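Close look at the chain arrangement
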There are 2 protein chains.
Amino acid sequence: MSDAVLAAAVSNAGGLGVIAAGNAPADYVSEQVKKAKTLTDKPFGVNIMLLSPHAGAVAEAVAEEAVAVVTTGAGNPQSYMKLWTDANIKVIPVVASTALAKMAQRSGAAAVVAEGGESGGHIGELTTMTLVPQICDAVDIPVVAAGGIGDGRGVAAAFMLGAAGVQVGTRFLVARECGVHQNYKDKVLAARDIGTISTGKRLGHPVRSLKTPFSRDLFAKEYDSSVSNEELEALGVGALKLAAVDGDMEKGCFLAGQIAGMIQKEQTAGDIIEDMMREAEAILKGAPVWVK
Amino acid sequence: MSDAVLAAAVSNAGGLGVIAAGNAPADYVSEQVKKAKTLTDKPFGVNIMLLSPHAGAVAEAVAEEAVAVVTTGAGNPQSYMKLWTDANIKVIPVVASTALAKMAQRSGAAAVVAEGGESGGHIGELTTMTLVPQICDAVDIPVVAAGGIGDGRGVAAAFMLGAAGVQVGTRFLVARECGVHQNYKDKVLAARDIGTISTGKRLGHPVRSLKTPFSRDLFAKEYDSSVSNEELEALGVGALKLAAVDGDMEKGCFLAGQIAGMIQKEQTAGDIIEDMMREAEAILKGAPVWVK
């Protein structure tokens, strides 16, 4: 979803842009990294989804490209840590429990992203509010908060919980530089607070997406034991591409977090960062957000 | 779980103590209210669980007792609003969506509790991080944040999200004045971050509790369509009492939120409130919680 163009735009605006490898093959990832290098001279990262069949090859590719930062999701990156740290890459695993955070620290992670289950995509059980302080207590490396952060209030709250920074996904889906189909952006903008659903819990790897005929059907089938786990897995194949590339409102799986309900406008990546930081600074300086 | 003794202790310490009516009959609730009145001259509230078979009678009872505050959970309190506001009771519904928050405001609610799904007991889908700001944007009455708040960091974060106050449940389970079985308290104190589980989603009213043989079995049976909804419902009957009164570690349903993993010691209700508020004040004044 996040490619070289969006990642470079975020890095140029003062954030740390991250290219999402998702289920893509290593060639695609290398190409996007090379492209991002032509679009920014700032550091950027690559997120590696460890459940991808290409995870191993992508891991090698990012080491070869010596990207500044690698983040990992949907699993334990331990087997790749040495490869990356040897290439002077700062590794920031996305973790959903204190046990995984401690393991990451022991393996040489530079920081961890503590991601709550309100996020889009692959999610854990704990929420940002409960996960961030517990991980801050468990490790000594910096903790980046993720999940449910869509404006300056969320940024300020994350700092109160002990985070050293924030990771923002859903709001950048509607960044002008984000290459997803316009239907995807429109669906995020139209989402209500209760607009997302979590599916895949029965398979042990839940995923949060916007409610569509596809996701509602998948949810219902999870409670039907006449549908096998293999059938459930098969239902999801290709659905991400149908959403992001084709904008298929029926069969697409539109990954997004619960904060989609709060997101109201398309903006450039730079404006998103500027707005969020300005709001957070004002609130942290004592602006009375809570006085009605 | 929260009775006259705990509610009065919380009110005497400067909080707003709340007696939980749960599934109890109206006589019990009236008796607890009368008892609390002898233990404190401060305002206190009663929480009415709207799925209780006794909800209607309890609603009448609290109106007769003219308690200061009624909070409601697990449903829409609209049909009782007039009864309570006519008795000069401030009604503060616990809500899990912006739609319900707006409906509460229209019906004369004095405030709402925006409760995230990291809470213990009956829960909604949205998390505290995503629910609180969206509800703050949706209504003009004060918003109290609940779910995942177990120390001063959580209190400070809630204020950043726009809350005017916080509701804390799980941490008071280990208050010295809380009357649950010692096994229940020990289980909260021993809980890890991943120590809770949400069951009942298939039935449409999910409940969060500590992992026990009972709750794990219930979770597994939800995905077994040979188990009927009626059988699932029947499995839960009596399990709360087995936890709170008998401390039955096998068959009890120990309601608790995800923040249980952070709770480390038994204290008086007064000390809990003092600690949380002192921490929150320090953090809000700029204490560097996020500097490692």
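One can find the structure itself at the top, above this paragraph.
Our subject in this report is the structure included herewith. (Residues numbered from 1 in each chain as written. Chains lettered and ligands numbered in written order. Predicted model: local features only at pLDDT ≥ 70, side-chain atom pairs only at ≥ 80, totals over all residues. Heavy atoms only, no water.)

Along its length, chain A carries twelve helices and ten strands. By its C-alpha atoms, chain A is 55 × 50 × 40 Å across when sized along the principal axes. In chain A, which comprises 292 residues, the proportion classed as buried is 56%. Taking the intrachain contacts of chain A between residues at least 6 apart in sequence as the baseline, contacts between residues at least 24 apart amount to 60%. Surface exposure of chain A reaches about 11500 Å², of which carbon and sulfur atoms provide 54%. On chain A, the mean spot of the 26 positive side-chain charges and the mean spot of the 32 negative ones are 4 Å from each other. (Helix = DSSP H or I, 4+ residues; strand = E, 2+ residues; numbered from the N terminus. Buried < 20%, exposed > 50% of the residue type's maximum accessible area, 1.4 Å probe, protein only. Contact = heavy atoms within 4.5 Å. Areas by Shrake-Rupley, 256 points an atom, 1.4 Å probe, with all protein chains shown as cover. Lys, Arg positive; Asp, Glu negative; His and termini not counted. Charge placed at Lys NZ, Arg CZ, Asp CG, Glu CD.)

A separate point is the sheet that holds strand β6 (residues 121-122) of chain A. All names here are of chain A. An order of β6-β10-β9 is seen for the three strands of this open sheet, with the pairing classed as antiparallel. If you trace the sheet from one side to the other, it starts and ends with β6 and β9 (196-199), each paired once. Alignment of β6 against strand β10 (residues 207-210), held across two bridges, turns out to be antiparallel. Residue pairing across strands places H122 opposite V207, the latter belonging to β10. (Pairing = 2+ DSSP bridges.)

All right, on to the pairing of strand β7 (residues 143-146) of chain A then. Residue and element names in this part refer to chain A. Burial along β7 is two-sided: V143 and A145 facing one way and V144 and A146 facing the other are all buried. With four bridges connecting them, strand β5 (residues 112-115) and β7 associate as parallel partners. For V112, the partnering residue across the bridge sits in β7 and is V143. Where β7 lies against strand β8 (residues 165-167), three bridges are found, and the strand directions are parallel. Its bridge partner lying in β8, A145 is registered against V166.

With an RMSD of 0.0 Å, the fit of chain B onto chain A corresponds to turning through 180 degrees and sliding 0.0 Å along the axis. Accordingly, the operation relating the two chain copies is best matched by a two-fold axis. Rotation axis and chain B: the residue whose C-alpha lies nearest the axis is B:A157, separated from it by 2.0 Å. (Least-squares fit on C-alpha atoms with pLDDT ≥ 70 in both.)

Further remarks concern the packing of aromatic side chains. All chains considered together, the criterion is met by seven aromatic pairs over all chains. Plain terms: the ring middles of A:Y80 and A:W84 are 5.4 Å apart, the flat faces sit at 35 degrees to each other, and that makes the pair tilted. By the burial criterion, A:Y80 is buried, and A:W84 matches it. Put simply, the rings of A:F219, A:Y223, B:F219 and B:Y223 touch in pairs and so form one group of aromatic residues. (Phe/Tyr/Trp six-rings, centres within 6.5 Å; stacked < 30°, edge-to-face > 60°.)

Moving on, we get to the pattern of salt bridges. Enumeration according to the criterion identifies 22 salt bridges over all chains in this entry. Here A:K82 and A:D86 are joined by a salt bridge, their closest N and O atoms 2.6 Å apart. Of this pair, A:K82 and A:D86 both sit in helix α4 (residues 81-86), four residues apart, which is roughly one turn of the helix. When the shortest N-O distance is used, the salt bridge between B:E281 and B:K285 registers 3.0 Å. (Salt bridge = Lys/Arg side-chain N within 4 Å of Asp/Glu carboxyl O.)

At the junction of the two partners, chain B supplies 53 residues and chain A supplies 53 residues. Applying the counting criterion to the chain B and chain A interface returns two salt bridges. Close ionic contact of A:R153 with B:D137 constitutes a salt bridge, the shortest N to O distance being 2.9 Å. Taken together, the links from chain B to chain A amount to 19 residue pairs in polar contact (both at pLDDT 80 or more). Mapped by element, the contributors of at least two residues to the side of chain B that touches chain A are α5 (98-106), α6 (128-138), α7 (152-160), α9 (213-222) and α12 (269-284) of chain B. (Polar contact = N/O pair within 3.5 Å; in protein donor to acceptor, adjacent residues only side chain to side chain.)

Residue and element names in this part refer to chain A. You will see that A66, though not glycine, has its phi angle at about 45 degrees, which is positive. Mapped onto the elements of the fold, A66 is located in the loop between α3 (55-65) and β3 (69-73). Residue A66 is classed as partly exposed on the basis of its relative accessible area of 47%. Even without glycine at this site, A74 takes up a positive phi of about 60 degrees. Secondary-structure assignment places A74 in the loop between β3 and α4. Given a relative accessible area of 31%, A74 falls into the partly exposed group.

Turning to the packing of α5(B) against α6(B), a few remarks are in order. Residue and element names in this part refer to chain B. The N-to-C vectors of α5 and α6 enclose an angle of 40 degrees; their axes lie 9 Å apart at closest approach. Taken together, the axes of α5 and α6 lie oblique to each other. Every pair of crossing elements has a handedness; the one defined by α5 and α6 is right-handed. Contacts between α5 and α6 pair T98, A101 and K102 from the former with Q134, I135 and A138 from the latter. Of the residues assigned to the contact of α5 with α6, the class counts are three nonpolar, two polar and one charged. (Axes fitted to C-alpha atoms, helices over the stretch in contact; angles between N-to-C directions. Parallel < 35°, antiparallel > 145°, perpendicular 65-115°, else oblique. Left-handed = near helix turned anticlockwise from the far one by under 90°. Nonpolar A, V, L, I, M, F, W, Y, C, P; charged D, E, K, R; others polar.)

What follows is about the environment of B:G195. Residues and elements named next belong to chain B. Inspection of the secondary structure puts G195 in the loop between α8 (182-190) and β9 (196-199). Note on G195: relative accessible area 16%, which makes it buried. The spatial distance from the C-alpha of G195 to the C-alpha of V91 is 33 Å, given a sequence separation of 104 residues. In this structure, G195 is in contact with S209, L210 and K211, ignoring residues within four places of it in sequence.

Quick look at the environment of B:A55 now. Residues and elements named next belong to chain B. Checked against the element boundaries, A55 lands in helix α3 (residues 55-65). Under the relative-accessibility criterion, A55 is labelled buried at 4%. Spatially, the C-alpha atom of A55 lies 8.8 Å from that of A24, the residues being 31 residues apart in sequence. Among all residues touching A55, those that are not within four sequence positions of it are I48, M49, L50 and Y80.

Turning our attention to the sheet that holds strand β6 (residues 121-122) of chain B. Residues and elements named next belong to chain B. The strand order across the open sheet formed by three strands is β6-β10-β9, and the pairing between neighbours is antiparallel. Two strands in the sheet have a free side with no partner beyond their single neighbour: β6 and β9. Sheet topology note: the β9/strand β10 (residues 207-210) ladder contains four bridges and is antiparallel. Residue pairing across strands places S198 opposite R208, the latter belonging to β10.

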